[in-house]
Amino acid sequence: MTCVAAKQMSPTYNQDAEFAYGAGQIDPVKAVNPGMVYDATEIDCISFLCGLGYSQSVLQLITEDVISCFDTVSARDLNYPSFVLKAPRPKHHLSGSFKRTVSNVGLPMSIYRAIVTVPKGLTVSVNPSVLSFTSLGEKKTYVLTIEGKLKKSINSASLVWDDGNFQVRSPIIIFDERAEKGESTKLYCINFIYIVIFNLLFYIIIE
């Protein structure tokens, strides 16, 4: 799963930003050769649905297998290419970190550098800010941290990993309780759950 196959859309024309249009407009040509991807396994998807409180009977309908929820994963911890952080309350200082693992599917020898675009009032840091790959399929882990204050109810930032050939973009969405009153936030969450279920069904089908 990766956002490299989507063209960025401007939040200037829609105040709900990524809550309204997701990661952007899909680019099928780039999707064939993304360079770097964020993988989530079948177990990851099941753990995420367990974390949402889905019952064993519902999970069995999806997986066609008996599932026990020993481990749970929140939306924040799922190895997904987008980042969403909610502020405790309007204009309150916020802080949050996300751990992600990426896989190299582009050139065997490649060095990706982090490029962050962030609005005033917020700081986004990436550690490490450089990912060096020496083989295909190699995995690297990094931590993205968000700090600052929101001036609006929703704000957008982005992280782009660039190796000179591929640009792998991840949207970053920061919001507070004022945004939750809108329908777009709820729709975004519902769509996110549907995507996870679709990915889980995909794993089951190809097996």
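Residues numbered from 1 in each chain as written. Predicted model: local features only at pLDDT ≥ 70, side-chain atom pairs only at ≥ 80, totals over all residues. Heavy atoms only, no water.

An unreviewed UniProt entry lists the protein chain under the name Cucumisin-like, from Cicer arietinum. Listed in UniProt under the heading Subcellular location (unreviewed entry), the comment for the protein chain reads: "Secreted". (UniProt positions renumbered as here; feature names shortened; annotations may be inferred.)

Counting residues in hydrophobic clusters, the biggest one holds 25 residues, and the most contacted among them are Tyr142, Leu144, Ile146, Trp161 and Ile172. Elements with a contribution of two residues or more to this core: strand 4 (83–86), strand 5 (94–104), strand 7 (122–127), strand 8 (130–133), strand 9 (139–148), strand 10 (154–162) and strand 11 (167–175). With sequence-adjacent residues up to four places away left out, Tyr142 is seen in contact with Tyr38, Phe83, Phe98, Lys99, Arg100, Val102, Val126, Asn127, Pro128, Leu131, Leu159 and Trp161. Counting residues in each nonpolar core, the second largest holds 8 residues, with Ile46, Cys50, Leu59 and Ile67 among its members. (Core = buried A, V, L, I, M, F, W, Y, C linked by side-chain atoms within 4.5 Å. Buried < 20%, exposed > 50% of the residue type's maximum accessible area, 1.4 Å probe, protein only. Helix = DSSP H or I, 4+ residues; strand = E, 2+ residues; numbered from the N terminus. Contact = heavy atoms within 4.5 Å.)

Inspection of every chain in the model, using the stated rule, returns 4 aromatic pairs. A centroid spacing of 5.4 Å and a plane angle of 75° characterise the contact between Phe83 and Phe98, whose relative ring orientation is edge-to-face. Here Phe83 is found in strand 4, whereas its partner Phe98 is found in strand 5, with 15 residues between them in sequence. An aromatic cluster of three or more residues is present, and its members are Tyr38, Tyr142 and Trp161. (Phe/Tyr/Trp six-rings, centres within 6.5 Å; stacked < 30°, edge-to-face > 60°.)

The next subject is the pairing of strand 11. Taken across its 9 residues, strand 11 has 8 buried, putting it largely inside the fold. Bridge count between strand 4 and strand 11: 4 bridges; the pairing is parallel. Paired with Phe83 across the two strands is Ile172, which belongs to strand 11. Inspection of the sheet shows strand 10 paired to strand 11 by 9 bridges, in the antiparallel sense. Looking at the pairing, Ala157 lines up with Ile172 of strand 11. (Pairing = 2+ DSSP bridges.)

Attention now goes to the sheet that holds strand 5. Taken in spatial order, the 4 strands line up as 3-5-9-7 in an open sheet, and their pairing is antiparallel. Only two strands of the sheet have a single neighbouring strand rather than two, namely strand 3 (36–37) and strand 7. Bridging between strand 3 and strand 5 involves 2 bridges; their strand directions are antiparallel. Looking across to strand 5, one finds that Val37 is bridged to Ser103.

Next up on the list: the sheet that holds strand 11. Strand order in this open sheet of 5 strands is 4-11-10-6-8, and the pairing throughout is mixed. Strands at the two margins of the open sheet, each flanked by one partner only, are strand 4 and strand 8. Ignoring which end each strand starts from, the neighbouring axes of this sheet average 20° apart. Both strand 6 (residues 110–117) and strand 8 contribute to a ladder of 4 bridges, which runs antiparallel. When the sheet's bridge partners are listed, Ile111 is paired in strand 8 with Ser132. (Axes fitted to C-alpha atoms, helices over the stretch in contact; angles between N-to-C directions.)

Oppositely charged side chains can pair when the atoms bearing their charge come close. As enumerated under the stated definition, the model contains 2 salt bridges in all. Residue Lys139 is joined to Asp39 by a salt bridge in which the shortest nitrogen-to-oxygen separation is 3.6 Å. Here Lys139 is found in strand 9, whereas its partner Asp39 is found in the loop between strand 3 and helix 3 (42–51), with 100 residues between them in sequence. Assessed through its relative accessible area of 34%, Asp39 is described here as partly exposed. Residues Glu138 and Lys140 are paired through a salt bridge, measuring 3.5 Å at the closest nitrogen-oxygen approach. Glu138 gets classed as buried once you look at its relative accessible area, which sits at 18%. (Salt bridge = Lys/Arg side-chain N within 4 Å of Asp/Glu carboxyl O.)

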